[in-house]
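# Topology and contacts: notes
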Amino acid sequence: MPAVAYVNGRYGPIAEAGVSVEDRGFQFADSLYEVVAVLNGRFLDWEKHLWRLRRGLSALFIEGLPSDAALAHIARRLVGLSRYADGLLYIQVSRGAGRRDHPFPSDTPATLVLTMRRFDFRQRLPQLETGVPAISVPDQRWARCDLKTTGLLPAVLAKQEARAAGAFEALFVKDGTVTEGGSTNIYMVTADGVIVTHPLSARILPGIARDTLLDLAREAQMKVEERPFTIEEARAAPELFLTSTTAPILPIVRLDGGAVGTGRPGPVTARLGQLAWAEIGRQTGWKP
Ligand code: PDD
């Protein structure tokens, strides 16, 4: 079976899967999601993704998600059905279907959707060598960017603008500071080699790749500062890079058309790239 889906108890081809038009995920973006990397048939950072999902669900008062063990069982079965060794597992939980009315419906079970699609992580290795271009855009999102809701319209518009400009990512700028990317966390490296990234707050998503990368950096005795930095600092920085589930780490070598540093990936990002891919190999046994 190619790309597969699970919807409220049923497994099948993604093309045949569906939810009600009255689903609150569709009507209100009243839903949360996770994207988990599957490498060599194994989940990367599974517990961390589950932690973030549960945290979001409790913040939004969405109840009724199966237990962690049941969810892991569904996820493993879906990966097995897909027969893909490498892919992206998508999990979405909405508040369920009900007559359109803003307040929560009563007695409506949550909708649970999982999909598994093929994804080729090997494409990230040459990109790690060359780096990718980015643009900056105003951060027009809501005040709870720490929740991974499917209300992604500002990110959709920002990433479309990036694509139209031939860039890989759009950096969100709020009050002069770089918060994060359209679908990534963003870092700069200072002239003295300090890795700087926006601190955890309601302004950014607590990225799982971010969490893992900062741990690896600290273990390797590299200096890390979690503090806001301005777009001017970013433009002047010798190195910029991004992290996410789908791009564990990539150097940003151009910003709004200008070169970042030498215009080539720098040594700090290269070192972190080695550490990040070694950790992926350690957790999943994945080899390029
Ligand atoms: N995006 N910031 C935003 C706004 C994101 O949407 C994401 C993830 C990240 C990185 O988080 P993580 O390291 O947990 O993937 C940061 C996912 C991959 C997506 O929307 O497809």
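Residues numbered from 1 in each chain as written. Predicted model: local features only at pLDDT ≥ 70, side-chain atom pairs only at ≥ 80, totals over all residues. Heavy atoms only, no water.

Of regular secondary structure, the protein chain possesses eight helices and 15 strands. Computed over C-alpha atoms, the radius of gyration of the protein chain comes to 19 Å, within 12% of the 19 Å expected from 2.2 N^0.38 for 288 residues, which places it in the range of a compact globule. Taken along its principal axes, the extent of the C-alpha atoms in the protein chain is 55 × 40 × 35 Å. Within the protein chain, the fraction of its 288 residues that count as buried is 51%. Counted over contacts in the protein chain with a minimum sequence separation of 6, partners at least 24 positions apart contribute 73%. (Helix = DSSP H or I, 4+ residues; strand = E, 2+ residues; numbered from the N terminus. Rg over C-alpha atoms; globule rule 2.2 N^0.38 Å. Buried < 20%, exposed > 50% of the residue type's maximum accessible area, 1.4 Å probe, protein only. Contact = heavy atoms within 4.5 Å.)

We now examine the nonpolar core. Residues Phe 121, Ile 195, Phe 241, Ile 249 and Leu 272 are the most contacted members of the largest nonpolar core, which totals 27 residues. Every element with two or more residues in this core is listed here: β3 (31–39), β10 (185–189), α6 (208–219) and α8 (267–284). Among the domains, domain 1 (4–119) and domain 2 (124–284) are the pair contributing at least three residues each to this core. Aside from chain neighbours lying at most four places away, what touches Ile 249 is Leu 128, Leu 213, Phe 241, Leu 242, Thr 243, Thr 269, Leu 272, Gly 273, Ala 276 and Trp 277. Membership of the second largest hydrophobic core comes to 26 residues, among which are Tyr 6, Phe 43, Leu 65 and Leu 71. (Core = buried A, V, L, I, M, F, W, Y, C linked by side-chain atoms within 4.5 Å. Domains from an automatic or database assignment.)

To continue, consider the site of the ligand. Near the ligand lie 17 residues; those nearest to it are Tyr 33, Arg 52, Glu 180, Ile 208 and Thr 245. The backbone of Ser 183 places a nitrogen or oxygen atom 3.3 Å from a nitrogen atom of the ligand. Its free accessible area being 470 Å², the ligand has 89% of it covered by the protein chains. Only β3, β9 (177–181) and α6 provide two or more residues apiece to the shell around the ligand. Counted by class, the shell around the ligand contains five nonpolar, eight polar and four charged residues. Two domains share the shell around the ligand, each providing at least three of its residues, namely domain 1 (4–119) and domain 2 (124–284). (Near = heavy atom within 4 Å. Polar contact = N/O pair within 3.5 Å; in protein donor to acceptor, adjacent residues only side chain to side chain. Areas by Shrake-Rupley, 256 points an atom, 1.4 Å probe, with all protein chains shown as cover. Nonpolar A, V, L, I, M, F, W, Y, C, P; charged D, E, K, R; others polar.)

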